[in-house]
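# Observations on chain architecture
Letter by letter, the chains look like this.
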Amino acid sequence: MNNRMEADAIIVGSGPGGATLARALAKQGKRVLLLERGVDHRRAFYYGTYLGPLIYSDRASLLFTQEGLNIVRPLMVGGATSMYCGCAAPPPPWFKDKYGVDIDAEVDETVAELEIAALPPELRGAASTRIADAAKSIGYAWEPQLKFMKPGRAHPFDCGAKCMLGCRCGAKWNAAEYVDEAVASGATLSTRACIDRVIVEQGRCIGVAGRLSGKPFEARAKTVILAAGGIGTPRILQASGFAGAGIGMTMDVTVMVYGFSDKPGIGKEPPMTWSWENLDEGYMLSTLADPWLVFPFIMAFKGLKYPLYWPKWNRLLGVMIKLKDEVSGGVFSNGKISKPLTTRDRERMAAAQRVCERVLETAGAKPSSIFVTPQRGTHPSGTVRIGTMLDENLQTQTPGLYVCDASTFPEALARPTVLTIIGLAKRLAKRLLATDLA
C-alpha cells in the first residue's frame, strides 16, 4: 500500500516559486508539504565546483533540445537559484498591461527585503566596465545590473564566471534560504520526491502521487501548487491528462559573442555586472563569459578549432545575448524537448550579434578574433501559460490546482526571471491565505 501524507498545501519544487510559497504559508501556520526531486547540496564539498553540475543538474548538464540547444537544469533544493548569475529584474511592463498580472508591490517588497542592488563600482570588474563604457560611447545606455548578491556576507567575496556553478563564498541569495525559513516555521521538506501526477477526484485536485526515495507514495491536500519549472511542471500535467500542457515554450535563447584583447578579460570578474535591454527589438545584452573549464567543452560543440582558444581565456571579452524568442516547439510526454527559432527570432538574433561585434571592437577586441558560441536555452518557460492554461491568479481550470514557476510566463521575459517568480509566488500566497487555501 502506498505511503500517505497529508497537509494544507502541497508544493512541488523548491525553486524561487515553491520556496517563496512554502515560507509564506508556513509562517502563517499552514501545514505545508514541500516536495523536491533533488537534495540539498549546499554543504557538499563539490558544491560550486566543476564537479558539482555533473552531480546536481539534469543529465549532468548534457540536456539538449532536438535542435541542439543546451539546457542546464539544476535538480536540487533551491532549484535554478543554485546555479544562476544572481541577477534581478522586475517584470516587463507588458506583464501587467497586457495580461493583468500586477506584482509591483510584491516585487518592491522583495527588493527591500533582500536588499537587491547593483554591485558597487569597484566590484563590477575592470574588463566588464570597459565593455559597458565602450557600449555607452557608441550610443547604447548600459546600466549596472541589479543583483541578488550582498558582498558583505561573503567569506570572503570571491565571485567570477565560476559562480554559475554554485556560490561557495555565500554572497549570492539562494531560494534554499527561503526553504530553511519555511522548515523553521513548521513546513515539511521531503527530498528525492519524484511526482508522477496530480490526483483529481470529482473535478477537484486533492493531491499528488509519485515516488519518495524510490517508494510509491501519495500526498493529499486542499491546495496543490506545481512549481517544478518550465520542464518539470508540464510533464506532471501531461501525465495527469491535462491537454495543452507543454505545447509551445519560450527559452530566452542565449548566445555569447566572444573576442580576445591584449588586456585581462572578464572571466575572473563577477558575471553580468552590466546590461542593456533593447525592448523594441526584443533582446538583452550583458557582460558574461563561460567558466574556465566549461569554455573548451562548450566550444567543442561549435567546431574543432574553437577549444584551441582555451589558453587565451584570461583575455576573453564576452557579451551575452538573451533573446525574447517567440513561442514554439514544446516539452513532450516522450521526454523530448523542441525549441526551434522562428524567422523573426533569427532576424533579431542576427541584429543583436551585429551590435555585440561593434561593442567588443570598441572595447578592444581584435575584429578577427570575434565569434559566436553555440545557442543555449537559459530559461525554459512558457509551457503552462497565463491566458492559455492559467488565469491571472495562476489557477488551472481544475479547482485546487495552481502553477507558480517560469512555465506560467505568457511570453519570454528576455531578462532575469527570479524576481518575477518570487513576485508571483508572494501574490499567490496572499490570495491563498485570504481564501483559506480555497
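All values reported here derive from a predicted model rather than from experimental measurement.

Let us now look at the sheet that holds strand 18 (residues 316-323). The six strands are arranged 7-16-17-18-15-21 in an open sheet whose pairing can be described as antiparallel. The sheet terminates laterally at strand 7 (143-144) and strand 21 (371-372), the two strands that pair on one side only. The pairing of strand 17 (residues 283-287) with strand 18 spans five bridges and is classified as antiparallel. Bridge pairing in strand 18 links Ser286 to Met320. Strands strand 16 (274-278), strand 17 and strand 18 of the sheet are contacted by helix 5 (residues 126-137), whose axis makes an angle of about 60° with strand 18. The sheet contacts of helix 9 (residues 343-362) involve strand 15 (254-260), strand 16, strand 17, strand 18 and strand 21, and relative to strand 18 the element is tilted by about 155°.

Along the polypeptide, Val101 turns up in the loop between helix 3 (94-97) and helix 4 (104-113). Sequence separation between Val101 and Ile386 is 285 residues; the distance between their C-alpha atoms is 9.2 Å. Not counting the four nearest positions on each side in its chain, Val101 is found in contact with Phe95, Lys96, Ile386, Glu392, Leu424 and Arg427.

For the rest of this paragraph, the subject is the sheet that holds strand 11 (residues 204-212). An order of 1-12-11-10 is seen for the four strands of this open sheet, with the pairing classed as mixed. In this open sheet, the two strands that pair with only one neighbour each are strand 1 (3-6) and strand 10 (193-201). Each adjacent strand pair in this sheet contributes to an overall mean axis angle of 25°, direction not counted. Relative to strand 12 (residues 215-220), strand 1 is paired through four bridges, and the arrangement is parallel. Within strand 12, the position partnered with Met5 by the bridge is Ala219.

The full count for this structure, using the stated rule, is 20 aromatic pairs. Ring plane angle 70° and centroid distance 5.7 Å describe the contact between Phe260 and Tyr309, whose orientation is recorded as edge-to-face. Within this pair, whereas Phe260 is found in strand 15, its partner Tyr309 is found in the loop between helix 8 (294-300) and strand 18, the two being separated by 49 residues in sequence. In this structure Tyr309 comes out as partly exposed when scored by relative accessible area, which is 21%. The ring centre of Trp274 lies 5.4 Å from the NZ or CZ of Arg124, which sits over that ring. Here Lys302 stacks its cationic end above the ring of Tyr306, 5.1 Å away from the centre of that ring.

Between two packed helices, the angle of one axis relative to the other and the distance separating the axes together describe the packing. Between helix 1 (residues 16-27) and helix 6 (residues 176-184), the shortest axis-to-axis distance is 8 Å and the interhelical angle comes to 25°. With respect to helix 6, the axis of helix 1 lies roughly parallel. The interaxial crossing formed by helix 1 with helix 6 has left-handed handedness. Along the contact surface, helix 1 presents Ala19, Thr20, Ala22, Arg23, Ala26 and Lys27, while helix 6 presents Tyr178, Val179, Glu181 and Ala182. Here the contact of helix 1 with helix 6 is built from residues that sort into six nonpolar, one polar and three charged.

The subject of this paragraph is the side chain of Glu106. With respect to the secondary-structure elements, Glu106 resides in helix 4. A relative accessible area of 7% means that Glu106 is categorised as buried.

Relative to each other, helix 1 and helix 10 (residues 418-434) sit at 35°, their axes nearing to 8 Å. For the crossing formed where helix 1 meets helix 10, the hand is right-handed. Packed against helix 1, whose contacting residues are Pro16, Gly17, Thr20, Leu21, Ala24 and Leu25, the element helix 10 presents Val418, Ile421, Ile422, Ala425, Lys426, Leu428, Ala429, Leu432 and Leu433 at the interface. Looking at the contact of helix 1 with helix 10 residue by residue, the classes come out as 12 nonpolar, two polar and one charged.

Reading guide: rules and limits
- Residues numbered from 1 in each chain as written.
- Predicted model: local features only at pLDDT ≥ 70, side-chain atom pairs only at ≥ 80, totals over all residues.
- Heavy atoms only, no water.
- Pairing = 2+ DSSP bridges.
- Helix = DSSP H or I, 4+ residues; strand = E, 2+ residues; numbered from the N terminus.
- Contact = heavy atoms within 4.5 Å.
- Axes fitted to C-alpha atoms, helices over the stretch in contact; angles between N-to-C directions.
- Phe/Tyr/Trp six-rings, centres within 6.5 Å; stacked < 30°, edge-to-face > 60°.
- Buried < 20%, exposed > 50% of the residue type's maximum accessible area, 1.4 Å probe, protein only.
- Lys NZ or Arg CZ within 6 Å of the ring centre and 35° of its normal.
- Parallel < 35°, antiparallel > 145°, perpendicular 65-115°, else oblique.
- Left-handed = near helix turned anticlockwise from the far one by under 90°.
- Nonpolar A, V, L, I, M, F, W, Y, C, P; charged D, E, K, R; others polar.

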